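Here are the chains, one letter per residue:
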Amino acid sequence: MEGEKNNTMSEINKLISERKQKLEELRKMGVDVYPRNFATTHAISQIREKYGTLKAEEKTGETVSLAGRIMSLRGMGKASFAHIKDQTGKVQIYIREDVLGAGNYGIFKRFDVGDFIGVMGKVFSTKTGELSIQVEKLTLLAKSLRPLPEKWHGLKDIETRYRQRYIDLLVNEQVKNVFSTRSLIIQAVRKFLDNLGFLEVETPMMQSIVGGAIAKPFLTHHQALDMELYLRISPELFLKRLVVGGLEKVYEVNKSFRNEGVSTRHNPEFTMLEVYQAYSDYKGMMDLCQKVILFIAKEVLHKEELVYQKNKINLGKTPWQKFSLYELLKEHTKIDFTNIHGLAEIRKVADRLDVKYKKDSPKHKILDHIFEAYVQKKLIQPTFVLDYPTEFSPLAKAKKDNPELVERFELFIGGEELANAYSELNDPVEQRRRMEKQVEDRDIGEGREAEVDEDYLRALEYGLPPCGGLGVGVDRLVMVFTDSKSIRDVILFPHMRKEAE
RNA sequence: GAGCCGGUAGCUCAGCUAGGUAGAGCAGCGGCCUUUUAAGCCGUUGGUCGCGUGUUCGAUUCACGCCCGGCUCACCA
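Residues numbered from 1 in each chain as written. Chains lettered and ligands numbered in written order. Predicted model: local features only at pLDDT ≥ 70, side-chain atom pairs only at ≥ 80, totals over all residues. Heavy atoms only, no water.

> Quick question: what am I supposed to make of the protein's contact with RNA strand B here?
Near RNA strand B there are 58 residues, and of these Glu 18, Thr 128, Lys 151, His 266 and Lys 365 occur at the shortest range. Counting only atoms of RNA strand B within 4 Å of the protein, the fraction found in sugar and phosphate groups is 59%. Within the side chain of His 369, one N or O atom sits 3.0 Å away from a phosphate oxygen of RNA strand B. Residue classes in the surface near RNA strand B are distributed as 17 nonpolar, 14 polar and 27 charged. (Near = heavy atom within 4 Å. Polar contact = N/O pair within 3.5 Å; in protein donor to acceptor, adjacent residues only side chain to side chain. Nonpolar A, V, L, I, M, F, W, Y, C, P; charged D, E, K, R; others polar.)

> Would you explain the side chain of Thr 333 in this entry?
Mapping Thr 333 onto the fold places it in helix H11 (residues 325-333). Using a relative accessible area of 9% as the deciding quantity, one classes Thr 333 as buried. A polar atom in the side chain of Thr 333 sits 2.5 Å from the backbone oxygen of Leu 329. Once residues lying within four places of it in the same chain are set aside, the contact partners of Thr 333 are Leu 353, Ile 370 and Tyr 374. (Helix = DSSP H or I, 4+ residues; strand = E, 2+ residues; numbered from the N terminus. Buried < 20%, exposed > 50% of the residue type's maximum accessible area, 1.4 Å probe, protein only. Contact = heavy atoms within 4.5 Å.)

> Before we go on, may I ask you to explain the state of the cysteines in this structure?
Here, disulfide denotes a covalent bond that connects the sulfur atoms of two cysteines. In the structure shown here, the tally under the stated rule is zero disulfides. With no disulfide of its own, Cys 289 lies 15 Å from the sulfur of Cys 467, the closest cysteine sulfur. (Disulfide = S-S within 2.5 Å.)

> Looking at this structure, I do not really get the pairing of strand E13 (residues 311-314). What am I missing?
Consecutive side chains of a regular strand alternate in pointing toward one face of the sheet and then the other. Bridge count between strand E12 (residues 305-308) and E13: four bridges; the pairing is antiparallel. Residue pairing for E13: Tyr 308 is matched across the bridge by Asn 311. (Pairing = 2+ DSSP bridges.)

> I tried to follow the side chain of Arg 161 on my own but got confused; where do I start?
Mapped onto the elements of the fold, Arg 161 is located in helix H6 (residues 158-163). Contact partners of Arg 161, with chain neighbours within four places excluded, come to Leu 155, Lys 156, Asp 168, Asn 172, Val 175 and Asp 489.

> For this particular structure, what's the right way to read the pairing of strand E3 (residues 89-96)?
The buried count for E3 comes to six of eight residues, which makes it a mostly enclosed element. Between strand E2 (residues 79-86) and E3, which pair antiparallel and follow one another directly, the connecting turn spans two residues. Pairing geometry for E3 and strand E5 (residues 131-142), over three bridges, is parallel. What sits directly across from Gln 92, in E5, is Ser 132.

> When you look at the confidence of the model for chain A in this model, what are you seeing that I'm missing?
For residues with low pLDDT, the predicted coordinates do not support detailed interpretation. Within chain A, residue pLDDT values average 93, and 97% of them lie at 70 or more. Confidence drops under a pLDDT of 50 for residues 1-11, and excluding neighbours within four residues, the segment shows two contacts in the predicted structure. (pLDDT = per-residue confidence, 0-100.)

> Before we go on, may I ask you to explain the environment of Leu 460 in this structure?
Relative to the helices and strands, Leu 460 resides in helix H15 (residues 454-462). A relative accessible area of 2% places Leu 460 in the buried class. If we ignore the near neighbours within four places in the chain, the residues touching Leu 460 are Leu 425, Asn 426, Pro 428 and Gln 431.

> What's the story with the sheet that holds strand E7 (residues 206-207) in this structure? I'm lost.
Sheets are built from strands that pair by backbone hydrogen bonding, the pairs being arranged parallel or antiparallel. A sheet is described by the order of its strands in space; here three strands give the open sequence E7-E9-E8, paired in antiparallel fashion. The sheet is open, and its two edges are formed by E7 and strand E8 (218-222), each paired on a single side. Bridge count between E8 and strand E9 (residues 227-231): five bridges; the pairing is antiparallel. Bridge assignment links His 221 to a residue of E9, and that residue is Glu 228.

> Which parts of the structure should I look at to understand unusual backbone geometry?
Keep in mind that most residues, glycine aside, have a negative phi and that most peptide bonds are trans. Following Thr 318, the chain continues to Pro 319 via a peptide bond in cis, the omega torsion being -10°. Tracing the sequence through the fold places Pro 319 in the loop between E13 and strand E14 (321-324). Unlike most non-glycine residues, Tyr 279 shows phi in positive territory, near 70°. For Tyr 279, the location among the structural elements is in the loop between strand E11 (269-278) and helix H10 (282-301). The phi dihedral of Asp 483 is positive, around 55°, even though this residue is not glycine. Structurally, Asp 483 can be placed in the segment after helix H16 (474-482).

> Would you mind showing me how to read the packing of aromatic side chains here?
One pair of aromatic rings is described through two measures. These are the centre distance and the angle between the planes. Here the structure, examined in full by the defined rule, presents nine aromatic pairs. Plain terms: the ring middles of Tyr 94 and Phe 124 are 6.0 Å apart, the flat faces sit at 45° to each other, and that makes the pair tilted. Within this pair, whereas Tyr 94 is found in strand E3, its partner Phe 124 is found in strand E4 (residues 116-125), the two being separated by 30 residues in sequence. With a relative accessible area of 10%, Phe 124 lands in the buried category. One aromatic cluster is present, formed by Phe 81, Tyr 94 and Phe 124 through successive ring pairs. Arg 241 extends its terminal NZ or CZ atom over the ring of Phe 238, reaching a point 4.4 Å from the ring centre. The lysine or arginine in question, Arg 408, covers the ring of Tyr 388, its NZ or CZ lying 4.6 Å from the ring centre. (Phe/Tyr/Trp six-rings, centres within 6.5 Å; stacked < 30°, edge-to-face > 60°. Lys NZ or Arg CZ within 6 Å of the ring centre and 35° of its normal.)

> Explain the packing of helix H8 (residues 173-195) against H16 here, please?
Any two packed helices are characterised by the angle at which their axes cross and by the distance between the axes. At a closest axis distance of 10 Å, the pairing of H8 and H16 adopts a crossing angle of 125°. With respect to each other, H8 and H16 are oriented oblique. For the crossing formed where H8 meets H16, the hand is right-handed. Judged by residue contacts, Val 178, Thr 181, Arg 182, Ile 185 and Ile 186 of H8 engage Val 474, Asp 475, Leu 477, Val 478, Phe 481 and Thr 482 from H16. A per-class count over the contact of H8 with H16 returns seven nonpolar, two polar and two charged. (Axes fitted to C-alpha atoms, helices over the stretch in contact; angles between N-to-C directions. Parallel < 35°, antiparallel > 145°, perpendicular 65-115°, else oblique. Left-handed = near helix turned anticlockwise from the far one by under 90°.)

> Explain the sheet that holds E2 to me, please; I cannot follow it from the model alone.
Taking strand neighbours around the barrel as the criterion, the five strands line up as E1-E2-E3-E5-E4 in a closed arrangement whose pairing is mixed. Between one strand axis and the next, the sheet turns by 55° as a mean value, whatever way the strands run. Here E4 pairs with E5 via ten bridges, running antiparallel. When the bridges of E5 are listed, Val 119 appears paired with Leu 138.

The structure is reproduced here in structure tokens:
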């Protein structure tokens, strides 16, 4: 029964069954089709560095061994060329029957594009000047059963690229660059903060109370404890608890999860950097924010200019420009919002500006919609936006001279919101008042009610020193640094619905 | 969640306007070929045309529903 089933499966696709047949033939010829290991002397890039200057038809006496995946095959009877690829690059190999012997050449004839092989041979340059390996010994390292996408057009189908990222990485060279850049950016962040004495920490992703942002959470369940938990929407409240505990400079780079719609700039799980520094404030965070991004530019791009979606962005012109929210709104809508107070009034303005809002949207939300529609996309050069309304920022400290505004900024680059920071509210009485108010009209979905985080308030009662906090959307930062239009292009395995059977 | 666009061979794409049992290139397979590189030349296999229902003598093509994806919008960062 099992055998029959497998047999039908293998006949689904002729190309796969042909490869399986070659695999069986190789086994019969005594070849281990999935051997244990292979010792190499060089990565392909090292061969290129060492011998890149060979002249056409020049031969070296040096024998090298390397391993990689066959990416192309060109057979010409008793000789063949192929390209093999490892993580560092590609190199051509040249295989001759008279060197290998008829038996081994017969084994090679059963290799396919996609197979992993080990190669031992001498480095030389062909008459067209291509660096190549004259193969003396070939070892199959793993047989591939599925055909790779075609060499010329490659893999274009977006759905397949995201679902089968392993193939995308293999055949679309730029994709690997995006993700190595992502890795370099995160490394640079750590290097920068570690050097300043920040401590990297990890706080719970499974939380029993939702806090630190206003998004809807994912709900999950702990079986043994029979307890409901949320996946965190932000690490903020835990990081500030650590500052209460005397960890004066902490940061975390990790995932948060928000149960909202997906789009080119939203993935349900995304990576945030959050930084907290005792005795600092939003101005200190502004300085830190600018410095860390410039450090990334230096480490990753080795320059201070970049291009994002055809816009030239100059990070080097410091300090980055600062505008108040109301200044920018006035400039782009010709309306002075400092004089607009009531909900009815701001609705009228939104209607006039043709900005849509929901019936139950509060005033600050409508203001934000207007900002997004009229201002945000124009903030191409690095711009700090200041002076957000207090009702919009429940965890931020109010300005000394104006309790309606908070000490907060958001950073925009290339029209994307990249960072958000404020002077942390550390007055436990005021924080309780704001949290209680927020909890009232908050919908967290799944029929659950929002709760005040009593332990967080207790921590504040013990005393949180003056503190600056900064959050950076790492995925969006990577988008800007790699000129990627969609967040899915900077996340290895972006969220997808389940594939149809 | 709404609107628009898309899903045809392993990959990249035609065909659908005007219904008549599906085509190319590459890959594969067989043959020739010992410096090719989108190798070449000759021959050739390969498709539940995303899934389902309806209309029709007949549906890849028309209609409706569903699934998956993209873009825009909404929610959000």
